[in-house]
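So the chains spell out like this:
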Amino acid sequence: MEFEKELEKELSEAKQAGMLRKVNAISSAPAREITISGKSYLNFSSNNYLGLSFHPEVKKAAKEAIEKYGTGGTSSRLVAGTLDMHGELEEKLAKMKNTEAALVFPSGFQTNLGILSALFGEGDCIIMDRLNHASLWDAAKLSHARVFVYQHKDMNGLEKVLIRSRDYKRRLIVTDSVFSMDGDTAPLEEIIELSKEFEAVLMIDEAHATGVLGDGGRGLPELLGIEGQVDIVMGTLSKALGSQGGFVCASKAVCNYLINKCRSFIYTTALSPASTAAAIKAIDISNKEPARRNTLKKLSETFRKKLSKIGVETSGSSTQIIPAVTKDIGRTLELSQVFIEEGVFVPPIRPPTVPEGSARLRFSLTSEHTEQDLDKAVKIMKDNLI
Ligand SMILES: *Cc1c(COP(=O)(O)O)cnc(C)c1O
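Remember, it's a predicted structure, so these values are computed and weren't measured experimentally.

> I'm lost on unusual backbone geometry in this one. Help?
Most of the time, phi is negative for any residue but glycine, and the peptide bond is trans. Cis geometry marks the peptide bond from Pro351 to Pro352; its omega dihedral reads 10°. Despite not being glycine, Ser37 has its phi angle at roughly 45°, a positive value. For Ser37, a relative accessible area of 73% corresponds to the exposed category. One non-glycine residue, Ser315, lies in positive phi territory at about 55°. Looking at the secondary structure, you find Ser315 in the loop between α13 (290-309) and β10 (321-327).

Spelled out as structure tokens, the structure:
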């Protein structure tokens, strides 16, 4: 068919440009080591930052939930899908993020789609950091609000947009708190100040901060000592918490409004019992075992230092996400292949996921890694730098 031919042509062009994407099937737990096609690799690609997805207690909680409630979410939260456990999880999340209430969704991506499209629309505007996550860009588009962009972390730029956009009815500033491809953090104190001065609603995406930043793992506001000042905090259960699903923490007014108006909450099946129970247990462990977080922090600092010593640019990273910016796409793919041959799995990240000319290998560290693992990666990097 003509339609398929067009698609195939586009894919073959992408392949020529080194842009073809494909999936790798992993036949092991996504742990420090993974198995792909029967071969074992040291894994630097997982968002399982605290190793909680295979923690014995988390697995046990998920199994018990399956025994009690079965495997599926079975219906919408608003119909008969809300379990007592969902309320328990939402209470824990609201407490973690210092808000009145919380709501959980089956994924973080759809949480963002739902929040922005329910709360903002024509006549409103959404103001975004240029490097915000793809789900926020799609969410902004879906909302039909006017979208304004400021350069990455550029507070003068944000202020200018706020001055220019005074005539919009509702204004939202939304930013990742930890940027997913760079591992740097948003200048949240300044953003809070500007949001107050210009009476804009403020939302942060804590997908990579939850469980990781701050002594209690409560996220960037905890790290900066400014908790409870952001109107809408979203995050995912699927990264450091090792489960699956997304959440929003906000006032009762916002959460009740979302229950009534948010299409990606209303017209979807509830978060599954196993995921809900796993997330509850993961939050408990995250609270009880700060050592995991401290190990991760130490490893990240060490790795950044080692990379910088051999002249590798890490794009302002200050977290467990550490990009080795290699710029050129071909070079990045080559280097990624060298790592594979050496038994190390680290994903190459190319445009359009990152801006043109900033292709990179993206290292995700977890508390499960060792110093030797880092040395191995640094050595491969060093031996293959031009
Ligand atoms: C992963 C991610 C999401 C989406 O969360 P899922 O639960 O995986 O759908 C949203 N925002 C950011 C910044 C992310 O990194």
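> Which parts of the structure should I look at to understand the sheet that holds strand β12 (residues 348-349)?
In sheet architecture, strand pairing relies on hydrogen bonds along the backbone and comes in two forms, parallel and antiparallel. As summarised here, the arrangement of the three strands in space is β10-β13-β12, forming an open sheet in which the pairing is antiparallel. Only two strands of the sheet have a single neighbouring strand rather than two, namely β10 and β12. Contacting β10, β12 and β13 (359-364), helix α14 (residues 329-341) crosses the sheet at an angle of about 35° to β13.

> What is the right way to read the layout of surface pockets from this model?
Picture a little ball the size of a water molecule; that probe, rolled over the atoms, points out where space is still empty. Roughly 1100 Å³ of internal volume is contained in the largest pocket. Looking at the lining of the largest pocket, the elements that each hand over two or more residues are β2 (39-43), α14 and β12. Take the lining of the largest pocket: its biggest share by element is four residues, from α14.

> What should I look at first to understand the site of the ligand in this one?
Neighbouring the ligand are 15 residues, the closest being Gly108, Asp205, His208, Thr236 and Lys239. Separating an oxygen atom of the ligand from a backbone N or O atom of Gly108 is a distance of 2.8 Å. Contact distances for the ligand include 3.2 Å between an oxygen atom and a side-chain N or O atom of Ser238. Summarising the interface, the protein chains cover 85% of the accessible area of the ligand, which totals 380 Å² for the free molecule.

> Any chance you could explain the packing of aromatic side chains here in plain terms?
Here the structure, examined in full by the defined rule, presents six aromatic pairs. Taking 5.3 Å as the distance between ring centres and 75° as the angle between the ring planes, the aromatic pair formed by Phe44 and Phe363 counts as edge-to-face. One end of the pair, Phe44, is in the loop between β2 and α2 (56-69); the other, Phe363, is in strand β13, with 319 residues separating them in the sequence. Neither residue differs from the other here; Phe44 and Phe363 are each classed as buried. Plain terms: the ring middles of Phe148 and Tyr168 are 5.6 Å apart, the flat faces sit at 85° to each other, and that makes the pair edge-to-face. Placement of Phe148 in strand β5 (residues 146-150) and of Tyr168 in the loop between α7 (155-164) and β6 (171-176) is noted, with a sequence separation of 20 residues between them. Ring-pair connections join several aromatic residues into one group, and the members of that group are Phe44, Phe303, Phe339 and Phe363.

Calculation notes
Residue positions within a chain follow its written sequence, with the count starting from 1. Given that the model is predicted, a residue must reach a pLDDT of at least 70 before its local features are reported, and side-chain atom pairs must reach 80 or more before they are shown or counted; all residues, however, enter totals for whole chains, interfaces and linings. Side-chain measures were taken over the full set of non-hydrogen atoms in the model, leaving aside hydrogen atoms and water. Accessibility here uses a 1.4 Å probe with only protein chains present; expressed as a share of the type maximum, an area under 20% marks a residue as buried, one over 50% as exposed, and anything in between as partly exposed. Runs of H or I in DSSP of at least four residues are treated as helices and runs of E of at least two as strands, each being numbered from the N terminus. A pair of strands counts as paired when DSSP detects no fewer than two bridges linking them. Any two residues having at least one pair of non-hydrogen atoms within 4.5 Å are treated as being in contact. Comment: axis = line fitted to C-alpha atoms, over the contacting stretch for helices; angle = value between 0 and 180 degrees taken between N-to-C directions. A 1.4 Å probe that fits but cannot get out identifies a cavity on a 1 Å grid over protein atoms alone, an open set with protein on both sides within 12 Å along at least five of seven lines counts as a pocket, and a residue lines either if it has an atom within 4 Å of a point. Grid points are joined across faces, edges and corners, and a volume is the space filled by probe spheres set on the points. Residue proximity to a molecule or strand is established when one non-hydrogen atom of the residue lies within 4 Å of it. Polar contact criterion, stated in full: a pair of N or O atoms within 3.5 Å, where within protein one must be able to donate a hydrogen and the other to accept it, and residues adjacent in sequence count only if both atoms are side-chain atoms. Here the open area of atoms and residues is found with the Shrake-Rupley method and a 1.4 Å probe, where only the protein chains shown may cover a residue. Note on ring pairs: Phe, Tyr and Trp rings are taken, using the six-membered ring of Trp, and paired if centres are within 6.5 Å. Classes follow the plane angle, with under 30 degrees stacked, over 60 edge-to-face and the rest tilted.

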